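# Summary of the model geometry
This is what each chain is made of:
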Amino acid sequence: MASASRAALDCVHSVVEVLQTSSHGAPTLIASHVRASRRSVESVIRAREAVFSRSRSDSWRRPDVSRLSLPRAPSTVHRSTPGRQSAARSALATSPGTSGPPVEVVPDLPTVSVVIPLFNEARSIPILVERVGDVLSRAGWPHEVICVDDGSSDGTSLLLKAMAAERPELRVVVLRRNFGQTAAMAAGFDYAAGDFIVTLDGDLQNDPSDIPRLLRLLLLGRKGVVGQEAGARWVTGRERDGGGYDMVCGWRRARKDDFFSRNLPSALANLLIGAVTGVRLHDYGCSLKAYRGSLVRSMRLYGELHRFLPALAAMEGASISELEVQHHPRQVGVSKYNLSRTPRVLMDLLTVAFLTRFRDRPMHFFGPLAALTLLAAAVFFVLFCAAALKAAAAYGVGMAMVVGAAHLVASLEFVVAGFVLFGLGLVAELCMRTYYEAQGRSVYRVREVAN
């Protein structure tokens, strides 16, 4: 089409030259019209070439574009199907990860969305985005990178937007203020369009080279683990019927942080969270995790519940595993974590413990407590009666109320507390029903439907 436009332009040039050199002379009006036509054709050609140049770059291209069939925009990402999963298994079962030459890519591999929440990480984000793109390109995974700027004040958003202009696979979400890591992660999940979703920190302590290993375990299960990893332990959950897991958590076994301020509190927290929630993992705090998109889109994050994502996933019936990953010392920036978060973690743990067991039946929590307090009220009332009868026999009726006053007051307080707890249970039941019915959410989760 461009050659045809060029030919038309040459014809216009020829007509102009004939009119200008004609011995009889061409009317000035005709010559001006022809010159205007020449300028119009030239502008059309320039506009068409600009459109063609944009269309060539407006795709999720990776270094070896010829072997990938990638979506042009997140809104057109195709979801995984069993047929695509089987084709991906045949391609990835022998994949060496990032070592060696790039693997042969199946055009219908599941797409991957990498979500990176950021807060004042301008010095590390260019390196991280480059490494993530290079690793996933070598492993053959079509992908997008979603960077969420959580109200940074060091120019992170400006840097991200400049990078996005040069990298079509990079999407930037800028929050109005600092909402916290949970909100930033939830925003990344909302904008993610991939079949699989990977999260990691933006401080370069997580190694992007571990992402393909997590994805292989997520997709293929233990069959997708090769080499020395084949003997590793999988701590929780069982594989899906078709193979693979719903969620794979990273385990920073050789963690490169301060022992007393970071490693020791984290180890104690992992033990406590595992005991309370029943989901026992070595490293709840590792941000490097891989999820199936269907699982992430069924969860809702509030407060600071990003630490408890495995427990929330278990509430949805997810199969969960973990895999050892690398961890590096922090080289740039300043850590945002300290011991001041401990009380908030404990409060969130109580919330998760309640949601895990009583989310859809809160009266089963408040009802027994109300019964226990009413029972205690009955016990104290019996003690009051016994003390009052004994005092009346010894000192007369006038002293009966004085001697048993303490037991009577305790009995009345427990009665009030019992009715309050019972009322809270009824209110919680109404709130639960309103939550499910107003949002059209069901109390069950379907993994798949056959036939």
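Residues numbered from 1 in each chain as written. Predicted model: local features only at pLDDT ≥ 70, side-chain atom pairs only at ≥ 80, totals over all residues. Heavy atoms only, no water.

### Thoughts on the overall build of the protein chain
Along its length, the protein chain carries 14 helices and seven strands. Out of the 451 residues belonging to the protein chain, those deemed buried represent 43%. Long-range pairs, those at least 24 residues apart, make up 79% of the contacts in the protein chain with a sequence separation of at least 6. Of the roughly 23700 Å² of accessible surface on the protein chain, 61% is carried by carbon and sulfur atoms. (Helix = DSSP H or I, 4+ residues; strand = E, 2+ residues; numbered from the N terminus. Buried < 20%, exposed > 50% of the residue type's maximum accessible area, 1.4 Å probe, protein only. Contact = heavy atoms within 4.5 Å. Areas by Shrake-Rupley, 256 points an atom, 1.4 Å probe, with all protein chains shown as cover.)

### Some details on the packing of aromatic side chains
All told, the structure shown has 10 aromatic pairs when counted by the stated rule. Relative to F414, the ring of F380 lies with its centre 5.5 Å away and its plane at 15°, an arrangement referred to as stacked. With F380 in helix α12 (residues 363-395) and F414 in helix α14 (residues 405-439), this pair connects stretches of sequence that are 34 residues apart. Since its relative accessible area comes to 26%, F380 is described here as partly exposed. Overall, F414 belongs to the partly exposed group, its relative accessible area being 30%. Joined through ring pairs, the aromatic side chains of F354, F358, F365 and F366 make up one cluster. The residue whose ring lies beneath R177 is F179, and the NZ or CZ to ring-centre distance is 4.0 Å. (Phe/Tyr/Trp six-rings, centres within 6.5 Å; stacked < 30°, edge-to-face > 60°. Lys NZ or Arg CZ within 6 Å of the ring centre and 35° of its normal.)

### Concerning a nonpolar patch on the surface
Together, F365, L369, L372, L375, V379 and L383 make up a nonpolar patch on the protein surface, roughly 500 Å² of accessible area in all. Its place among the elements puts L383 in helix α12. When its relative accessible area of 40% is taken as the criterion, L383 is described as partly exposed. (Patch = residues over 30% accessible without salt bridge, like charges linked within 9 Å, V, L, I, M, F, W, Y side chains within 5 Å. Salt bridge = Lys/Arg side-chain N within 4 Å of Asp/Glu carboxyl O.)

### Quick look at the side chain of E144
Tracing the sequence through the fold places E144 in strand β2 (residues 143-149). Of the side chains with opposite charge, R171 lies nearest to the buried E144, which makes no salt bridge, at 4.0 Å. At 3.0 Å, the side chain of E144 and the backbone nitrogen of A193 are in polar contact. (Lys, Arg positive; Asp, Glu negative; His and termini not counted. Polar contact = N/O pair within 3.5 Å; in protein donor to acceptor, adjacent residues only side chain to side chain.)

### Side note on the confidence of the model for the protein chain
Reading predicted coordinates in detail is not appropriate for stretches of low pLDDT. Predicted confidence across the protein chain gives a mean pLDDT of 77, with 73% of residues reaching 70 or more. No element of the protein chain has a lower mean pLDDT than helix α3 (residues 82-92), at 41, and none a higher one than strand β4 (residues 196-199), at 97. Low pLDDT, under 50, characterises residues 1-5; the stretch is placed with four contacts to residues that sit more than four places away or in other chains. Contacts for the low-pLDDT stretch residues 230-235, under 50 throughout, to residues beyond four places or in other chains number 13 contacts. (pLDDT = per-residue confidence, 0-100.)

### What to know about the sheet that holds strand β6 (residues 289-292)
Strand order in the open sheet formed by seven strands is β3-β2-β1-β4-β6-β5-β7, with mixed pairing between adjacent strands. Two strands in the sheet have a free side with no partner beyond their single neighbour: β3 (170-174) and β7 (320-324). Sheet twist, expressed as the average angle between the axes of neighbouring strands with direction ignored, equals 20°. Bridge count between strand β1 (residues 112-118) and β4: four bridges; the pairing is parallel. Bridging across to β4, V115 finds its partner in T199. Sitting on the sheet, helix α4 (residues 125-139) touches β1 and β2, and the angle it makes with β2 is about 160°. (Pairing = 2+ DSSP bridges. Axes fitted to C-alpha atoms, helices over the stretch in contact; angles between N-to-C directions.)

### Here's the deal with the side chain of H327
Inspection of the secondary structure assignment puts H327 in the loop between β7 and α11 (342-358). A polar contact is formed between the side chain of H327 and the backbone nitrogen of K256, at a distance of 2.9 Å. Beyond its immediate stretch of four places on either side in the chain, H327 contacts Q205, N206, R252, A254, R255, K256 and D257.

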